[in-house]
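Here is what each chain is made of, one letter per residue.
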Amino acid sequence: MDRRPEARAFSVEDLLKFVQDGKLRIPDFQRPLNWDNEDRRLFFDSLFRGYPVGTLLLWRQPVGAGRIRLGSLEIDAPQMSDALWVVDGQQRLTTLADSLVAEPGEGKQLFADLEAENLIWGKPADRRAPRFLPLREISGLERLLEWAHFHRVPDELRRRAFDLAKRIREYQVPAYLVEVEDDAVLREIFRRTNTQGKELKLSEVFDALHQKSFTQTPSSLREIGEILQAEGFGVLDGELILRSLLFVRKLDPAGNIDQIKPADVPEALSQTSAALRRAIIFARGQAGFPHIRLLPYSLALAALALFFDLHPEPSARSRRLLSRWLWRGAINGTPRGDRGLLRRTIASIDNDEEASLQRLLKLTGPGPSEPIELGPFNFRYARSKLQVLALAESHPVDLRTLEPIDVADLCEQQESPVAELSSQSASNSPARGLAGRLVHAHSTPSALRGAVRAASLETLASHAITPAAREALLREDLDRFFALREESLGPLVTAFLDRRAEWGDSDRPSIAALLSDPSGEDE
């Protein structure tokens, strides 16, 4: 650097003026806000008590006029020759803007409890003056005076209110101002800077370090995720998109983000976006995984992206073998995050479409690695996701409306796409497993059992509930109901997974490939 960073200190009052004047800018590459209310409360509590709150890193640059946003605050900012771009400190500055400048919303606000001399969250109806001071009232002296006068605040509480406001407004926040033209230097500074609050994810660091004024779309991992949401496969985590990029570039997916050169980023982003789109269309369509949350091992999507990057239009035979690989890997846990296995997966996929598939299928093994059992249900686990897919194959209908249930929509609407039929059961009861669940919108267990009792046999068949199980439920014999349902679900799940994995079918390459290689053996 030709010029050292300038060490400065800005009062909170100065920073608020910068916000209102449009001088502070949050670049698009910054990570999404992820502080919760407790983080915000502790930040203001630190200002009040004089605790360190970290150092801001600001990049001084000229900027054009435009509408800017800091949290819920939107400002029409003028053109400036010395705007301050926030490289590190987004959470802190946005918290200041949201709490002290933006107009309050209808939800909870931050208050100062003047009697207890601490900060708390609450609704205005529950936090009344003069004891509770809305924190946004301290943003200016006149505003605070008006509040104290209007509410006839007693002298002692008034003194505490003005002391708190003075401490926060005059708090000196340390900052470094950087003036460089080479953004590679800025990226290196950012890399070495510790951020305040929650740790950055690798995908967020990647977007931050490689931000440029790309004319192309997509220009970031985050934008790839936004584009791919249109495919109806759910929200792809930034970490998965980053791993997919590393897969597509045939780099170490468990390695650091320095493997890819900044100059290669635009091409890599475009390449990854197109490959992931093809992978999603295949996973949703032919393979039969309707939503990312139902894919037992999400890294399988990164491997699919690499395959479709090299083979955008695979043959029908290749697509069938690829579907087998996906299901067999889901059953046997092949695409998990083991570093050695990830490297072998990448090495298996090259420009030879059919040979790549043969190598991938060898990684999954010739059959299930262990007997398929129902076991306790937990939607976070691969086994339970596969069980949900087995239930969904019966095309379940809503017990009340009789409308078909879209399991992908349920994944979007609720934490788990299944509803529980029993809230209390012994640890070894079948009710703790798949037998105690339906692919259905959430409801109370008792209401759901009532809907099952009232439903027709045809409707219940769509949920894999047999007439015998229904009769047990009508007799209020819950133990018998869950035992009968588990008895019928075990073979159903096993048969479903066998059909999808096609364990007994030949995995041979196409006839054309065999003719070109009479030995039928891979190199």
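Residues numbered from 1 in each chain as written. Predicted model: local features only at pLDDT ≥ 70, side-chain atom pairs only at ≥ 80, totals over all residues. Heavy atoms only, no water.

Remarks on the pattern of salt bridges
Opposite charge on two side chains lets them pair, provided their charged atoms get close.
Line of reasoning, step 1. If you walk through the whole model with that rule in mind, you get 32 salt bridges.
Line of reasoning, step 2. Residues E74 and R67 are paired through a salt bridge, measuring 2.9 Å at the closest nitrogen-oxygen approach.
Line of reasoning, step 3. Using a relative accessible area of 39% as the deciding quantity, one classes E74 as partly exposed.
Line of reasoning, step 4. Residue classification places R67 among the exposed positions, given a relative accessible area of 52%. (Salt bridge = Lys/Arg side-chain N within 4 Å of Asp/Glu carboxyl O. Buried < 20%, exposed > 50% of the residue type's maximum accessible area, 1.4 Å probe, protein only.)

Details of the pairing of strand β8 (residues 118-122)
Line of reasoning, step 1. Two elements, strand β7 (residues 109-113) and β8, share five bridges in a ladder whose sense is antiparallel. When the sheet's bridge partners are listed, Q109 is paired in β8 with G122.
Line of reasoning, step 2. Hairpin connection from β7 to β8: four residues lie between these consecutive antiparallel strands, with E117 at a positive phi of about 55°. (Pairing = 2+ DSSP bridges. Helix = DSSP H or I, 4+ residues; strand = E, 2+ residues; numbered from the N terminus.)

What to know about the side chain of E137
Line of reasoning, step 1. By the element assignment, E137 lies in the loop between β9 (132-134) and α4 (141-150).
Line of reasoning, step 2. Of note is the side chain of E137, whose polar atom sits 3.1 Å from the side chain of R143.
Line of reasoning, step 3. When near neighbours in sequence (up to four residues on either side) are disregarded, E137 contacts R143, L144 and W147. (Polar contact = N/O pair within 3.5 Å; in protein donor to acceptor, adjacent residues only side chain to side chain. Contact = heavy atoms within 4.5 Å.)

Observations concerning the pairing of β7
Line of reasoning, step 1. Among the five residues of β7, five are classified as buried, and the element is accordingly described as predominantly covered.
Line of reasoning, step 2. Burial along β7 is two-sided: the residues Q109, F111 and D113 and L110 and A112 are all buried.
Line of reasoning, step 3. With three bridges joining them, β7 and β9 adopt antiparallel strand pairing. Across the sheet, residue D113 finds its bridge partner in β9, namely F132.

Let's talk about the nonpolar core
Line of reasoning, step 1. Membership of the largest hydrophobic core comes to 78 residues, with the highest contact counts inside it found for F206, L236, L301, L304, L322, W325 and L326.
Line of reasoning, step 2. A per-element tally of this core places helix α11 (residues 299-310) first, with 10 residues.
Line of reasoning, step 3. In contact with L326, not counting residues within four places along its chain, are F282, A287, F289, L295, A300 and L304.
Line of reasoning, step 4. Counting residues in hydrophobic clusters, the runner-up holds 49 residues, among them F18, L144, W147 and Y171. (Core = buried A, V, L, I, M, F, W, Y, C linked by side-chain atoms within 4.5 Å.)

As for the environment of T94
Line of reasoning, step 1. Here T94 lies in helix α3 (residues 90-100).
Line of reasoning, step 2. Its relative accessible area of 3% is what places T94 among the buried residues.
Line of reasoning, step 3. It is 8.6 Å that separates the C-alpha atoms of T94 and S72, two residues lying 22 residues apart in sequence.
Line of reasoning, step 4. Side-chain polar atoms of T94 contact the backbone oxygen of Q90, separated by 2.8 Å.

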